[in-house]
Amino acid sequence: MIKVIGVRFRTAGKVYFFDPLQFDIKKGDHVIVETARGIEFGTVMAGIMEVTEEKVVQPLKPVIRIANQRDVEQEAANRDKEKEAFRICLEKIREHGLEMKLIDAEYTFDNNKVLFYFTADGRIDFRELVKDLASIFKTRIELRQIGVRDETKIVGGIGICGRPLCCHSYLSDFIPVSIKMAKEQNLSLNPAKISGVCGRLMCCLKNEEETYEELNRRLPGIGDAVTTEDGLKGEVQSVNVLRQLVKVVINAGDEKEIKEYPVEKLHFRRRHSKKEKMELSKEELQELERLEEEEWQKQEQELANRAEEAQRQNNKNKQGNRRQPGQHSPETAKAPGGRQETERRPGQRADGGQKQFGQRTGGQQRQNSRRPGEEPKQQLQHGEPRQPQEEHFGSKRRHDNRKRQDRNRQNGQNQDNHDNEQNGKNRYDNRNRRGARSSE
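Before going into details, it helps to say that this report is about the structure given with it. Quantities reported herein were computed from a predicted structural model and do not represent experimental measurements.

### Some thoughts on the sheet that holds strand 4 (residues 38–51)
The 5 strands are arranged 2-1-4-3-5 in an open sheet whose pairing can be described as antiparallel. Of all the strands in the sheet, the pair left with one neighbour each is strand 2 (16–18) and strand 5 (63–66). Taking each pair of neighbouring strands and ignoring which way they run, the sheet shows an average axis angle of 45°. Relative to the sheet, helix 1 (residues 69–96) contacts strand 3 (30–35), strand 4 and strand 5, its axis offset from that of strand 4 by approximately 125°.

Structure representation (structure tokens):
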């Protein structure tokens, strides 16, 4: 925590923090401080208090001194000089024919700089104007272009409500205002009625925005279906936001009747506010953090277990690939004659498959398979089950493979013969060329 004081330099201006040092400063006192513009005379708006470091803009500059009577008189003299500077600058603007509207003139406390605030539609080339003003005031000159809202804040005025403008009275910063706020408050969308002196939307539309959002959240929308306490169903015709009353069109037989009900006596689906926040205590927040930490640890453990299982499976596969031809798996044993003998269940084949009833073995299939045109080696006996259809398909496949091999062999021989003929022709042509050259 840091001890600071809040200082304001203009009416309804922004409050800046300064280090009070050892001074006993109270709210309402005048102090002399150093800012980016130089030495300034300010008014204390907040006494000595402690704030967090996040709210302080570093470096935190200290208070030079508490203003005395002489400092107050000098500040009053500067206010008088500002009026004269405003008049001179206005004359120079007319002489140079610049399209700019002068708003205000301001002297720094030590008279080291004079600031002129103006508004304009576009960019203004005021270099010659600055030269003339510097030759007259013999000090630094700064011209600053501002917007229409800043102009109204500096000049002030009376709003349509009959009170001084909010921005000139107490608003230190401009807040965003949208047309949605006027719709939420059921105001007329006529620009003349919802615009302020500056021509922009009135800043006071933001003042009651949160209240209207909360009240509208409790009310049904126009056209929604509602049910009364008596069990009657109807349709919402209109609502009164401030009084929380709803006019409902109820179907009473063949006739329709309009009745007004308090919102508490109606049943409907309520709307949820977009800015609705869930407030939790410190204990609840700590419990949520603990549950999140446990969930995160559980997920990490599951990922570690999966990675370990995948690594174990990978190692097992590598060991199976590295097994030598003479090594056998534990399920396989060698018979006394040197042949491998595998333990198998009754009805299971030696290759691991299941023997099907009514199906011939591989040896019988090879014995009964024959080429096209060849006489069968063994005739089927009466009552013997017919050979499966897969046997004919296998014979046909082998026959097609044999024909394909013969065709490829014949193509290879033809290609070799063609190459040999071509090579012989080339040798004959070369021999004729050499004979022609030797005769020449």
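Don't stop here, the text continues.
### Considerations on the pairing of strand 9 (residues 225–228)
Residues in a regular strand project their side chains so that they alternate between the two faces of the sheet. The alternating pattern of strand 9 places Val 226 and Thr 228 on a buried face, while none of Ala 225 and Thr 227, on the opposite face, is buried. Bridge analysis of strand 9 against strand 10 (residues 233–240) gives 3 bridges, and the strand direction is antiparallel. Looking across to strand 10, one finds that Ala 225 is bridged to Glu 235. In this antiparallel pair of consecutive strands, strand 9 and strand 10, the connection spans 4 residues, and Gly 231 shows a positive phi of 90°. As judged from the 2 bridges shared by strand 9 and strand 13 (residues 266–267), these two strands associate in the antiparallel manner. Bridged to Thr 228 within strand 13 is Leu 266.

### Remarks on the nonpolar core
Met 100, Phe 116, Leu 133, Phe 137 and Leu 143 are the most contacted members of the largest nonpolar core, which totals 18 residues. At the level of elements, helix 1, strand 6 (101–107), strand 7 (113–119), helix 2 (127–137) and strand 8 (140–145) are the ones that each hand at least two residues to this core. In terms of residue count, helix 1 provides more of this core than any other element does, 4 residues in total. Ignoring anything within four residues of it in the chain, the contact list for Leu 133 reads Cys 89, Lys 92, Phe 116, Lys 138, Ile 141 and Leu 143. Judged by nonpolar contacts, the second largest core, of 13 residues, contains Tyr 212, Val 226, Val 236 and Leu 266.

### Some words on the packing of aromatic side chains
Two descriptors summarise a pair of aromatic rings, namely the distance from one centre to the other and the angle between the planes of the rings. All chains considered together, the criterion is met by 5 aromatic pairs. Taking the centre distance of 5.9 Å and the plane angle of 75° together, the rings of Phe 118 and Phe 126 count as edge-to-face. On the accessibility criterion, Phe 118 (1% relative accessible area) is buried. Pairwise contacts between aromatic rings join Phe 9, Tyr 16 and Phe 18 into one cluster. It is Lys 81 that lies over the ring of Tyr 107; its NZ or CZ is 4.8 Å from the centre.

### Quick word on the side chain of Glu 209
Tracing the backbone through its elements, the reader meets Glu 209 in helix 7 (residues 209–218). Beyond its immediate stretch of four places on either side in the chain, Glu 209 contacts Met 181, Glu 184 and Gln 185.

### Observations regarding the pattern of salt bridges
This structure, assessed with the given rule, holds 20 salt bridges. Across the pair Glu 106 and Arg 10 runs a salt bridge, and its minimum N-O distance is 2.9 Å. Here Glu 106 is found in strand 6, whereas its partner Arg 10 is found in the loop between strand 1 (2–8) and strand 2, with 96 residues between them in sequence. We classify Glu 106 as buried; its relative accessible area is 6%. In this structure, Glu 151 and Lys 101 form a salt bridge, with 2.7 Å as the shortest nitrogen-oxygen distance. A residue pair is termed long-range when its members are at least 10 positions apart, and Glu 151 in helix 3 (residues 148–155) and Lys 101 in strand 6 qualify at 50 residues. For Glu 151, a relative accessible area of 13% corresponds to the buried category. Shared partners join several salt bridges into a network, and the residues in it are Arg 10, Arg 37, Glu 40, Asp 104 and Glu 106.

Scoring rules and cut-offs
- Residues numbered from 1 in each chain as written.
- Predicted model: local features only at pLDDT ≥ 70, side-chain atom pairs only at ≥ 80, totals over all residues.
- Heavy atoms only, no water.
- Pairing = 2+ DSSP bridges.
- Helix = DSSP H or I, 4+ residues; strand = E, 2+ residues; numbered from the N terminus.
- Axes fitted to C-alpha atoms, helices over the stretch in contact; angles between N-to-C directions.
- Contact = heavy atoms within 4.5 Å.
- Buried < 20%, exposed > 50% of the residue type's maximum accessible area, 1.4 Å probe, protein only.
- Core = buried A, V, L, I, M, F, W, Y, C linked by side-chain atoms within 4.5 Å.
- Phe/Tyr/Trp six-rings, centres within 6.5 Å; stacked < 30°, edge-to-face > 60°.
- Lys NZ or Arg CZ within 6 Å of the ring centre and 35° of its normal.
- Salt bridge = Lys/Arg side-chain N within 4 Å of Asp/Glu carboxyl O.

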